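An overview of the molecular structure
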There are 2 protein chains.
Amino acid sequence: MNKSGPRRGRRPGGPDTRVAILDVARRRFLEDGYHAVTLRSIAGEAEVDLALISYYFGSKKGLFGAALALGANPAEVLARVVAEGDLSTFPERVIRQVLAVWDDPVTGPPLLAMLKSAIDDDSLGGLVKEAVEREIVDRIAGLVQGREARQRAASFTTVVAGLIATRYLLRLEPIVSMTADEVVRFVSPQLRQALRGPGRPAPNARPAGRPAPSR
Amino acid sequence: MNKSGPRRGRRPGGPDTRVAILDVARRRFLEDGYHAVTLRSIAGEAEVDLALISYYFGSKKGLFGAALALGANPAEVLARVVAEGDLSTFPERVIRQVLAVWDDPVTGPPLLAMLKSAIDDDSLGGLVKEAVEREIVDRIAGLVQGREARQRAASFTTVVAGLIATRYLLRLEPIVSMTADEVVRFVSPQLRQALRGPGRPAPNARPAGRPAPSR
DNA sequence: CGGATTTATTCATCACGGACGAATTCTAGA
DNA sequence: TCTAGAATTCGTCCGTGATGAATAAATCCG
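Residues numbered from 1 in each chain as written. Chains lettered and ligands numbered in written order. Predicted model: local features only at pLDDT ≥ 70, side-chain atom pairs only at ≥ 80, totals over all residues. Heavy atoms only, no water.

Residues and elements named next belong to chain A. Counted under the stated rule, the structure contains 16 salt bridges over all chains. The closest approach of N and O atoms between Asp-138 and Arg-150, which form a salt bridge, is 2.3 Å. You can see Asp-138 sitting in helix H8 (residues 122-144) and its partner Arg-150 sitting in helix H9 (residues 149-169), a full 12 residues away along the chain. For Asp-138, a relative accessible area of 36% puts it in the partly exposed group. (Salt bridge = Lys/Arg side-chain N within 4 Å of Asp/Glu carboxyl O. Helix = DSSP H or I, 4+ residues; strand = E, 2+ residues; numbered from the N terminus. Buried < 20%, exposed > 50% of the residue type's maximum accessible area, 1.4 Å probe, protein only.)

Structure (C-alpha coordinates):
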(Lines give C-alpha, C1' and ligand atoms only; values in the text may rest on other atoms or scores of the structure.)
Protein backbone atom coordinates (compact mmCIF):
# COMPACT_ATOMS: atom_id res chain seq x y z
CA MET A 1 0.00 0.00 0.00
CA ASN A 2 2.77 2.19 0.91
CA LYS A 3 2.86 4.33 -2.19
CA SER A 4 5.42 6.14 -0.32
CA GLY A 5 8.99 6.93 -0.64
CA PRO A 6 10.77 9.17 -3.06
CA ARG A 7 10.15 7.55 -6.39
CA ARG A 8 11.57 9.89 -8.91
CA GLY A 9 14.81 11.77 -9.01
CA ARG A 10 18.35 10.93 -8.47
CA ARG A 11 19.00 7.86 -6.48
CA PRO A 12 21.48 7.98 -3.66
CA GLY A 13 24.93 6.57 -4.05
CA GLY A 14 27.66 7.09 -6.53
CA PRO A 15 26.77 7.20 -10.20
CA ASP A 16 28.37 4.02 -11.46
CA THR A 17 25.39 3.64 -13.72
CA ARG A 18 27.21 4.64 -16.82
CA VAL A 19 29.75 1.90 -16.64
CA ALA A 20 27.09 -0.59 -15.63
CA ILE A 21 25.25 0.11 -18.84
CA LEU A 22 28.40 0.01 -20.89
CA ASP A 23 29.31 -3.27 -19.33
CA VAL A 24 26.08 -5.02 -20.09
CA ALA A 25 25.83 -3.42 -23.50
CA ARG A 26 29.23 -4.57 -24.53
CA ARG A 27 28.57 -8.15 -23.58
CA ARG A 28 25.14 -8.27 -25.15
CA PHE A 29 26.19 -6.61 -28.40
CA LEU A 30 29.07 -8.94 -28.79
CA GLU A 31 26.99 -11.98 -27.98
CA ASP A 32 23.97 -11.30 -30.08
CA GLY A 33 24.85 -8.58 -32.54
CA TYR A 34 23.56 -5.10 -32.94
CA HIS A 35 20.08 -5.67 -34.24
CA ALA A 36 19.14 -8.50 -31.98
CA VAL A 37 19.81 -6.54 -28.83
CA THR A 38 17.16 -4.20 -27.53
CA LEU A 39 17.85 -1.15 -25.43
CA ARG A 40 15.13 -2.24 -23.06
CA SER A 41 16.80 -5.54 -22.44
CA ILE A 42 20.08 -3.82 -21.72
CA ALA A 43 18.40 -1.40 -19.38
CA GLY A 44 16.64 -4.28 -17.67
CA GLU A 45 19.74 -6.31 -17.19
CA ALA A 46 21.69 -3.34 -15.94
CA GLU A 47 18.81 -2.51 -13.61
CA VAL A 48 18.58 0.95 -14.97
CA ASP A 49 15.89 3.02 -16.54
CA LEU A 50 15.66 2.94 -20.29
CA ALA A 51 15.98 6.68 -20.62
CA LEU A 52 19.35 6.65 -18.96
CA ILE A 53 20.79 5.08 -22.03
CA SER A 54 19.67 7.97 -24.15
CA TYR A 55 20.85 10.28 -21.41
CA TYR A 56 24.36 8.94 -21.42
CA PHE A 57 24.87 7.74 -24.94
CA GLY A 58 22.33 9.59 -27.02
CA SER A 59 21.27 6.72 -29.17
CA LYS A 60 21.62 3.02 -29.72
CA LYS A 61 24.41 3.62 -32.17
CA GLY A 62 26.11 5.86 -29.68
CA LEU A 63 25.98 3.13 -27.11
CA PHE A 64 27.27 0.63 -29.59
CA GLY A 65 30.17 2.84 -30.50
CA ALA A 66 31.05 3.47 -26.89
CA ALA A 67 30.85 -0.22 -26.11
CA LEU A 68 33.13 -1.15 -28.97
CA ALA A 69 35.62 1.60 -28.32
CA LEU A 70 36.81 -0.61 -25.50
CA GLY A 71 39.70 -2.88 -26.24
CA ALA A 72 40.72 -5.29 -29.00
CA ASN A 73 41.89 -3.29 -31.96
CA PRO A 74 43.39 -5.35 -34.76
CA ALA A 75 46.22 -2.95 -35.48
CA GLU A 76 48.11 -3.97 -32.38
CA VAL A 77 47.72 -7.57 -33.29
CA LEU A 78 49.31 -7.00 -36.65
CA ALA A 79 52.04 -4.94 -35.13
CA ARG A 80 52.93 -7.81 -32.86
CA VAL A 81 52.97 -10.26 -35.73
CA VAL A 82 55.05 -8.00 -37.87
CA ALA A 83 57.56 -7.34 -35.17
CA GLU A 84 58.55 -10.89 -34.43
CA GLY A 85 60.13 -13.28 -36.92
CA ASP A 86 61.31 -12.68 -40.43
CA LEU A 87 59.45 -12.18 -43.66
CA SER A 88 59.72 -15.76 -44.87
CA THR A 89 57.25 -17.03 -42.31
CA PHE A 90 55.07 -13.96 -42.33
CA PRO A 91 52.08 -15.54 -44.08
CA GLU A 92 51.85 -18.42 -41.67
CA ARG A 93 52.19 -16.15 -38.70
CA VAL A 94 49.48 -13.86 -39.94
CA ILE A 95 47.06 -16.70 -40.52
CA ARG A 96 47.73 -18.24 -37.15
CA GLN A 97 47.28 -14.91 -35.47
CA VAL A 98 44.10 -14.17 -37.35
CA LEU A 99 42.69 -17.54 -36.43
CA ALA A 100 43.82 -17.19 -32.83
CA VAL A 101 42.07 -13.88 -32.46
CA TRP A 102 38.96 -14.60 -34.43
CA ASP A 103 38.41 -18.12 -33.14
CA ASP A 104 38.85 -17.04 -29.59
CA PRO A 105 35.45 -16.86 -27.93
CA VAL A 106 36.36 -13.66 -26.16
CA THR A 107 38.15 -11.65 -28.81
CA GLY A 108 36.37 -13.04 -31.83
CA PRO A 109 32.78 -11.93 -31.28
CA PRO A 110 33.75 -8.32 -30.67
CA LEU A 111 35.59 -8.17 -33.93
CA LEU A 112 32.79 -9.87 -35.75
CA ALA A 113 30.22 -7.51 -34.32
CA MET A 114 32.35 -4.54 -35.16
CA LEU A 115 32.81 -5.74 -38.69
CA LYS A 116 29.15 -6.45 -39.21
CA SER A 117 28.06 -3.10 -37.97
CA ALA A 118 30.73 -1.42 -40.04
CA ILE A 119 29.28 -3.13 -43.03
CA ASP A 120 25.71 -2.06 -42.69
CA ASP A 121 26.43 1.42 -41.51
CA ASP A 122 28.39 3.46 -43.99
CA SER A 123 29.77 5.96 -41.54
CA LEU A 124 31.27 3.23 -39.40
CA GLY A 125 32.46 1.49 -42.53
CA GLY A 126 34.49 4.51 -43.50
CA LEU A 127 36.33 4.42 -40.22
CA VAL A 128 37.18 0.77 -40.54
CA LYS A 129 38.30 1.24 -44.10
CA GLU A 130 40.68 4.00 -43.20
CA ALA A 131 42.01 2.13 -40.22
CA VAL A 132 42.69 -0.91 -42.34
CA GLU A 133 44.40 1.10 -45.04
CA ARG A 134 46.57 2.96 -42.65
CA GLU A 135 47.35 0.26 -40.13
CA ILE A 136 47.42 -2.81 -42.29
CA VAL A 137 47.98 -2.15 -45.96
CA ASP A 138 50.52 0.60 -45.52
CA ARG A 139 52.31 -1.37 -42.86
CA ILE A 140 52.63 -4.44 -45.00
CA ALA A 141 53.63 -2.33 -47.96
CA GLY A 142 56.45 -0.97 -45.84
CA LEU A 143 57.53 -4.49 -45.15
CA VAL A 144 57.67 -5.96 -48.59
CA GLN A 145 59.65 -3.18 -50.18
CA GLY A 146 59.88 -3.54 -53.89
CA ARG A 147 58.05 -2.41 -56.91
CA GLU A 148 54.29 -2.24 -56.59
CA ALA A 149 54.59 -2.82 -52.88
CA ARG A 150 51.28 -1.27 -52.14
CA GLN A 151 49.41 -3.39 -54.61
CA ARG A 152 51.08 -6.49 -53.35
CA ALA A 153 50.20 -5.54 -49.81
CA ALA A 154 46.64 -5.00 -50.91
CA SER A 155 46.53 -8.41 -52.56
CA PHE A 156 47.73 -9.89 -49.34
CA THR A 157 45.04 -8.07 -47.43
CA THR A 158 42.49 -9.28 -49.91
CA VAL A 159 43.29 -12.89 -49.23
CA VAL A 160 43.13 -12.36 -45.49
CA ALA A 161 39.86 -10.53 -45.91
CA GLY A 162 38.56 -13.47 -47.87
CA LEU A 163 39.49 -15.82 -45.11
CA ILE A 164 37.70 -13.72 -42.55
CA ALA A 165 34.71 -13.25 -44.79
CA THR A 166 34.23 -16.92 -45.54
CA ARG A 167 35.13 -18.37 -42.18
CA TYR A 168 33.51 -15.86 -39.85
CA LEU A 169 31.10 -13.75 -41.79
CA LEU A 170 29.61 -16.32 -44.11
CA ARG A 171 30.62 -19.42 -42.19
CA LEU A 172 31.18 -21.28 -45.39
CA GLU A 173 31.95 -24.97 -45.51
CA PRO A 174 34.47 -26.45 -45.61
CA ILE A 175 36.35 -23.39 -44.44
CA VAL A 176 34.65 -23.15 -41.07
CA SER A 177 35.35 -26.68 -40.06
CA MET A 178 38.98 -26.68 -41.02
CA THR A 179 41.55 -26.85 -38.28
CA ALA A 180 44.08 -24.10 -37.95
CA ASP A 181 46.70 -26.31 -39.55
CA GLU A 182 44.54 -27.00 -42.53
CA VAL A 183 43.78 -23.36 -43.01
CA VAL A 184 47.44 -22.56 -42.88
CA ARG A 185 48.18 -25.25 -45.38
CA PHE A 186 45.54 -24.16 -47.85
CA VAL A 187 45.70 -20.42 -47.54
CA SER A 188 49.32 -19.51 -46.90
CA PRO A 189 50.41 -20.34 -50.46
CA GLN A 190 48.05 -17.67 -51.70
CA LEU A 191 49.43 -15.17 -49.23
CA ARG A 192 52.92 -15.96 -50.28
CA GLN A 193 51.95 -15.57 -53.89
CA ALA A 194 50.34 -12.24 -53.12
CA LEU A 195 53.48 -10.92 -51.47
CA ARG A 196 55.57 -12.09 -54.34
CA GLY A 197 53.41 -10.24 -56.80
CA PRO A 198 52.61 -11.08 -60.39
CA GLY A 199 55.46 -12.21 -62.57
CA ARG A 200 56.58 -9.39 -64.75
CA PRO A 201 55.28 -5.88 -64.18
CA ALA A 202 54.51 -5.63 -67.87
CA PRO A 203 53.83 -1.89 -67.85
CA ASN A 204 52.31 -1.98 -71.25
CA ALA A 205 53.95 -4.92 -72.87
CA ARG A 206 51.39 -7.48 -73.84
CA PRO A 207 53.70 -10.28 -75.05
CA ALA A 208 51.36 -11.87 -77.50
CA GLY A 209 48.52 -14.23 -76.74
CA ARG A 210 45.08 -12.88 -76.04
CA PRO A 211 44.84 -9.14 -75.52
CA ALA A 212 42.79 -9.52 -72.43
CA PRO A 213 39.26 -10.61 -73.34
CA SER A 214 37.92 -7.25 -74.24
CA ARG A 215 34.61 -7.93 -72.50
CA MET B 1 -20.42 12.72 -47.49
CA ASN B 2 -21.11 9.68 -49.42
CA LYS B 3 -19.19 7.29 -47.22
CA SER B 4 -20.44 4.83 -49.64
CA GLY B 5 -19.27 2.21 -51.92
CA PRO B 6 -18.05 -1.26 -51.21
CA ARG B 7 -14.92 -0.65 -49.24
CA ARG B 8 -13.79 -3.93 -47.97
CA GLY B 9 -13.43 -7.25 -49.65
CA ARG B 10 -11.92 -8.60 -52.73
CA ARG B 11 -11.48 -6.11 -55.44
CA PRO B 12 -12.56 -7.03 -58.94
CA GLY B 13 -10.10 -7.99 -61.58
CA GLY B 14 -7.36 -10.56 -61.77
CA PRO B 15 -5.16 -10.95 -58.75
CA ASP B 16 -1.88 -9.67 -60.06
CA THR B 17 -1.28 -8.23 -56.63
CA ARG B 18 1.22 -10.83 -55.64
CA VAL B 19 3.62 -10.07 -58.43
CA ALA B 20 3.11 -6.36 -57.96
CA ILE B 21 4.32 -6.67 -54.40
CA LEU B 22 7.18 -8.89 -55.35
CA ASP B 23 8.20 -6.45 -58.00
CA VAL B 24 8.35 -3.43 -55.78
CA ALA B 25 9.89 -5.41 -52.94
CA ARG B 26 12.68 -6.68 -55.04
CA ARG B 27 13.64 -3.28 -56.30
CA ARG B 28 13.45 -1.65 -52.90
CA PHE B 29 15.36 -4.35 -51.11
CA LEU B 30 18.11 -4.22 -53.63
CA GLU B 31 18.25 -0.46 -53.58
CA ASP B 32 18.16 0.20 -49.89
CA GLY B 33 18.86 -3.04 -48.11
CA TYR B 34 16.71 -5.16 -45.88
CA HIS B 35 16.46 -3.08 -42.76
CA ALA B 36 15.97 0.26 -44.40
CA VAL B 37 12.90 -0.90 -46.25
CA THR B 38 9.56 -0.94 -44.48
CA LEU B 39 6.67 -3.17 -45.37
CA ARG B 40 4.40 -0.20 -45.23
CA SER B 41 6.43 1.62 -47.82
CA ILE B 42 6.37 -1.39 -50.09
CA ALA B 43 2.65 -1.73 -49.65
CA GLY B 44 2.23 1.95 -50.38
CA GLU B 45 4.28 1.91 -53.48
CA ALA B 46 2.60 -1.20 -54.77
CA GLU B 47 -0.75 0.36 -53.95
CA VAL B 48 -1.74 -2.56 -51.88
CA ASP B 49 -2.86 -3.04 -48.34
CA LEU B 50 -0.18 -3.79 -45.82
CA ALA B 51 -1.83 -6.97 -44.68
CA LEU B 52 -1.61 -8.46 -48.11
CA ILE B 53 2.08 -8.84 -47.65
CA SER B 54 1.58 -10.99 -44.63
CA TYR B 55 -1.14 -12.78 -46.48
CA TYR B 56 1.04 -13.74 -49.39
CA PHE B 57 4.48 -13.98 -47.87
CA GLY B 58 3.91 -14.48 -44.19
CA SER B 59 6.58 -12.15 -42.97
CA LYS B 60 9.13 -9.62 -44.03
CA LYS B 61 11.74 -12.29 -44.24
CA GLY B 62 9.44 -14.39 -46.34
CA LEU B 63 9.02 -11.53 -48.74
CA PHE B 64 12.74 -10.95 -48.86
CA GLY B 65 13.39 -14.57 -49.64
CA ALA B 66 10.75 -14.62 -52.35
CA ALA B 67 12.08 -11.42 -53.85
CA LEU B 68 15.58 -12.75 -54.01
CA ALA B 69 14.57 -16.06 -55.45
CA LEU B 70 13.96 -14.11 -58.64
CA GLY B 71 16.69 -13.71 -61.19
CA ALA B 72 20.18 -12.31 -61.02
CA ASN B 73 21.52 -15.12 -58.97
CA PRO B 74 25.24 -15.50 -59.05
CA ALA B 75 25.00 -19.19 -59.69
CA GLU B 76 24.02 -18.67 -63.28
CA VAL B 77 26.88 -16.33 -63.76
CA LEU B 78 29.30 -18.93 -62.55
CA ALA B 79 27.67 -21.55 -64.67
CA ARG B 80 28.21 -19.45 -67.73
CA VAL B 81 31.82 -18.82 -66.84
CA VAL B 82 32.43 -22.46 -66.16
CA ALA B 83 30.83 -23.58 -69.35
CA GLU B 84 32.94 -21.62 -71.78
CA GLY B 85 36.68 -21.95 -72.14
CA ASP B 86 39.01 -24.41 -70.52
CA LEU B 87 40.36 -24.66 -67.04
CA SER B 88 43.64 -22.93 -67.73
CA THR B 89 42.03 -19.54 -68.10
CA PHE B 90 39.38 -20.12 -65.47
CA PRO B 91 40.81 -17.71 -62.86
CA GLU B 92 41.01 -14.79 -65.26
CA ARG B 93 37.53 -15.46 -66.54
CA VAL B 94 36.11 -15.58 -63.06
CA ILE B 95 37.70 -12.33 -62.05
CA ARG B 96 36.60 -10.56 -65.18
CA GLN B 97 33.10 -11.84 -64.72
CA VAL B 98 33.00 -10.85 -61.08
CA LEU B 99 34.21 -7.38 -61.91
CA ALA B 100 31.83 -7.08 -64.81
CA VAL B 101 28.86 -7.92 -62.65
CA TRP B 102 29.83 -6.06 -59.50
CA ASP B 103 31.16 -2.96 -61.21
CA ASP B 104 28.12 -2.66 -63.37
CA PRO B 105 25.95 0.13 -62.02
CA VAL B 106 22.82 -1.86 -62.58
CA THR B 107 23.76 -5.33 -61.43
CA GLY B 108 26.28 -4.30 -58.79
CA PRO B 109 24.18 -2.43 -56.23
CA PRO B 110 21.58 -5.17 -56.00
CA LEU B 111 24.21 -7.72 -55.20
CA LEU B 112 25.82 -5.42 -52.71
CA ALA B 113 22.55 -4.74 -50.95
CA MET B 114 21.74 -8.41 -50.90
CA LEU B 115 25.09 -9.25 -49.43
CA LYS B 116 24.85 -6.59 -46.79
CA SER B 117 21.43 -7.70 -45.78
CA ALA B 118 22.59 -11.27 -45.57
CA ILE B 119 25.43 -10.25 -43.35
CA ASP B 120 23.56 -8.44 -40.68
CA ASP B 121 20.73 -10.88 -40.45
CA ASP B 122 21.77 -14.38 -39.54
CA SER B 123 18.82 -16.19 -40.96
CA LEU B 124 19.32 -14.55 -44.31
CA GLY B 125 23.00 -15.25 -44.06
CA GLY B 126 22.21 -18.92 -43.75
CA LEU B 127 20.41 -18.87 -47.05
CA VAL B 128 23.28 -17.21 -48.82
CA LYS B 129 25.78 -19.51 -47.23
CA GLU B 130 23.98 -22.59 -48.42
CA ALA B 131 23.50 -21.19 -51.87
CA VAL B 132 27.19 -20.42 -52.15
CA GLU B 133 28.22 -23.83 -50.90
CA ARG B 134 25.91 -25.62 -53.21
CA GLU B 135 26.21 -23.50 -56.31
CA ILE B 136 29.76 -22.30 -56.14
CA VAL B 137 32.03 -24.41 -54.01
CA ASP B 138 30.61 -27.75 -55.03
CA ARG B 139 30.57 -26.71 -58.63
CA ILE B 140 34.19 -25.68 -58.66
CA ALA B 141 35.11 -28.77 -56.73
CA GLY B 142 33.53 -30.79 -59.50
CA LEU B 143 35.70 -28.96 -61.97
CA VAL B 144 39.09 -29.33 -60.43
CA GLN B 145 38.90 -33.04 -59.78
CA GLY B 146 41.77 -34.30 -57.76
CA ARG B 147 42.66 -34.84 -54.18
CA GLU B 148 41.22 -32.36 -51.75
CA ALA B 149 39.14 -30.86 -54.50
CA ARG B 150 36.65 -29.41 -52.11
CA GLN B 151 39.25 -27.65 -50.05
CA ARG B 152 40.90 -26.28 -53.11
CA ALA B 153 37.56 -25.05 -54.39
CA ALA B 154 36.97 -23.41 -51.04
CA SER B 155 40.35 -21.71 -51.16
CA PHE B 156 39.45 -20.39 -54.54
CA THR B 157 36.17 -19.11 -53.23
CA THR B 158 37.97 -17.49 -50.35
CA VAL B 159 40.13 -15.42 -52.64
CA VAL B 160 37.15 -14.34 -54.67
CA ALA B 161 35.30 -13.49 -51.49
CA GLY B 162 38.25 -11.41 -50.41
CA LEU B 163 38.18 -9.51 -53.64
CA ILE B 164 34.51 -8.76 -53.25
CA ALA B 165 34.89 -7.87 -49.59
CA THR B 166 37.73 -5.44 -50.11
CA ARG B 167 36.62 -3.88 -53.35
CA TYR B 168 32.91 -3.58 -52.81
CA LEU B 169 32.16 -4.04 -49.16
CA LEU B 170 35.05 -2.22 -47.58
CA ARG B 171 36.08 -0.17 -50.61
CA LEU B 172 39.69 -0.49 -49.65
CA GLU B 173 42.46 1.34 -51.42
CA PRO B 174 44.21 0.60 -53.63
CA ILE B 175 41.89 -2.23 -54.57
CA VAL B 176 38.93 -0.02 -55.42
CA SER B 177 40.79 2.16 -57.81
CA MET B 178 42.47 -0.62 -59.73
CA THR B 179 41.42 -1.21 -63.27
CA ALA B 180 40.06 -4.57 -64.27
CA ASP B 181 43.36 -5.45 -65.87
CA GLU B 182 45.28 -4.63 -62.74
CA VAL B 183 42.96 -6.68 -60.61
CA VAL B 184 43.37 -9.59 -62.94
CA ARG B 185 47.10 -9.23 -62.85
CA PHE B 186 47.32 -9.06 -59.09
CA VAL B 187 44.66 -11.51 -58.06
CA SER B 188 44.63 -14.26 -60.63
CA PRO B 189 47.93 -15.75 -59.45
CA GLN B 190 46.36 -16.38 -56.08
CA LEU B 191 43.35 -18.03 -57.69
CA ARG B 192 45.59 -20.22 -59.73
CA GLN B 193 47.56 -21.11 -56.65
CA ALA B 194 44.36 -21.95 -54.83
CA LEU B 195 43.21 -24.29 -57.57
CA ARG B 196 46.57 -25.99 -57.61
CA GLY B 197 46.43 -26.63 -53.91
CA PRO B 198 49.26 -26.81 -51.43
CA GLY B 199 52.29 -28.73 -52.51
CA ARG B 200 52.44 -31.93 -50.58
CA PRO B 201 49.65 -33.01 -48.31
CA ALA B 202 52.15 -33.12 -45.48
CA PRO B 203 49.80 -34.81 -43.05
CA ASN B 204 51.89 -34.14 -40.02
CA ALA B 205 55.28 -33.20 -41.30
CA ARG B 206 56.49 -29.99 -39.75
CA PRO B 207 59.87 -29.34 -41.42
CA ALA B 208 61.67 -27.80 -38.49
CA GLY B 209 61.60 -24.27 -37.17
CA ARG B 210 59.11 -23.34 -34.50
CA PRO B 211 56.28 -25.74 -33.91
CA ALA B 212 53.54 -23.29 -34.69
CA PRO B 213 53.22 -20.59 -32.03
CA SER B 214 51.21 -22.61 -29.62
CA ARG B 215 48.67 -19.87 -28.90
C1' DC C 1 24.79 26.69 6.70
C1' DG C 2 21.60 27.71 2.67
C1' DG C 3 20.14 28.70 -1.64
C1' DA C 4 21.18 28.03 -6.77
C1' DT C 5 22.79 24.96 -10.14
C1' DT C 6 24.02 20.86 -12.07
C1' DT C 7 23.59 15.96 -12.47
C1' DA C 8 21.07 11.72 -12.20
C1' DT C 9 16.89 9.39 -12.27
C1' DT C 10 11.90 8.18 -13.28
C1' DC C 11 7.55 8.39 -15.79
C1' DA C 12 4.74 9.18 -19.54
C1' DT C 13 4.39 9.33 -24.16
C1' DC C 14 5.24 9.50 -29.32
C1' DA C 15 5.78 7.62 -33.77
C1' DC C 16 6.74 3.79 -36.21
C1' DG C 17 7.29 -1.10 -37.61
C1' DG C 18 5.81 -5.85 -38.00
C1' DA C 19 2.26 -9.10 -37.29
C1' DC C 20 -2.59 -10.83 -36.76
C1' DG C 21 -7.48 -11.54 -36.60
C1' DA C 22 -12.09 -10.35 -37.82
C1' DA C 23 -15.04 -8.72 -41.25
C1' DT C 24 -16.18 -8.20 -45.94
C1' DT C 25 -16.55 -9.03 -50.86
C1' DC C 26 -15.50 -11.18 -55.02
C1' DT C 27 -14.56 -15.66 -57.83
C1' DA C 28 -14.92 -20.38 -58.93
C1' DG C 29 -16.78 -24.88 -58.77
C1' DA C 30 -20.68 -28.24 -57.90
C1' DT D 1 -27.72 -20.88 -57.67
C1' DC D 2 -25.40 -22.00 -53.60
C1' DT D 3 -21.31 -22.41 -51.32
C1' DA D 4 -16.41 -22.74 -50.22
C1' DG D 5 -12.49 -20.45 -50.68
C1' DA D 6 -9.58 -16.64 -52.17
C1' DA D 7 -8.51 -11.77 -51.92
C1' DT D 8 -8.89 -7.55 -49.67
C1' DT D 9 -9.51 -3.99 -45.96
C1' DC D 10 -9.68 -2.22 -41.18
C1' DG D 11 -8.57 -2.09 -36.66
C1' DT D 12 -5.51 -3.30 -33.31
C1' DC D 13 -1.68 -5.36 -30.55
C1' DC D 14 2.85 -5.31 -29.04
C1' DG D 15 7.66 -4.11 -29.11
C1' DT D 16 11.15 -0.61 -30.52
C1' DG D 17 13.94 3.63 -30.20
C1' DA D 18 13.54 8.28 -28.86
C1' DT D 19 12.27 12.49 -26.16
C1' DG D 20 10.43 15.82 -22.80
C1' DA D 21 8.75 16.99 -18.34
C1' DA D 22 9.00 16.25 -13.48
C1' DT D 23 11.66 15.18 -9.53
C1' DA D 24 15.34 14.41 -6.29
C1' DA D 25 20.02 13.99 -4.87
C1' DA D 26 24.70 15.96 -5.22
C1' DT D 27 27.60 19.83 -5.74
C1' DC D 28 29.01 24.51 -5.79
C1' DC D 29 29.49 29.06 -3.71
C1' DG D 30 28.74 32.82 -0.89
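A few words now on the packing of aromatic side chains. A ring pair, where both rings are aromatic, is described by two values, the distance of the centres and the angle of the planes. Taken as a whole and judged by the stated rule, the model has 12 aromatic pairs over all chains. Judged by centre distance (4.9 Å) and plane angle (80 degrees), the ring pair of A:Phe29 and A:Phe64 falls under edge-to-face. Of this pair, A:Phe29 sits in helix H1 (residues 17-32) while A:Phe64 is found in helix H4 (residues 60-68), placing the two residues 35 residues apart along the sequence. For the pair shown, A:Phe29 and A:Phe64 are each scored as buried. Each ring, one from B:Tyr56 and one from B:Phe57, has its centre 6.3 Å from the other, and the planes form 55 degrees; the classification is tilted. Judged by its relative accessible area of 28%, B:Tyr56 falls in the partly exposed class. Through a chain of ring-to-ring contacts, three or more aromatic side chains come together here, namely A:Tyr55, A:Tyr56 and A:Phe57. (Phe/Tyr/Trp six-rings, centres within 6.5 Å; stacked < 30°, edge-to-face > 60°.)

Let us look at the interface of chain A and chain B. Frequently, the measure chosen for interface size is the accessible area that the parts lose on association. In this assembly, 51 residues from chain A lie in contact with 51 residues from chain B. In total, chain A and chain B occlude about 4,300 Å² of area from one another, counting both sides; carbon and sulfur atoms represent 66% of this. Here chain A is connected to chain B by 2 salt bridges. The interface formed by chain A and chain B includes 8 residue pairs in polar contact (both at pLDDT 80 or more). Among the secondary structure elements, those contributing two or more residues to the side of chain A that touches chain B are helix H6 (90-103), helix H7 (108-120), H8, H9 and helix H10 (180-196) of chain A. (Contact = heavy atoms within 4.5 Å. Buried area = accessible area lost by both parts, 1.4 Å probe. Polar contact = N/O pair within 3.5 Å; in protein donor to acceptor, adjacent residues only side chain to side chain.)

Everything listed is a geometric property; what it means functionally is a separate question.
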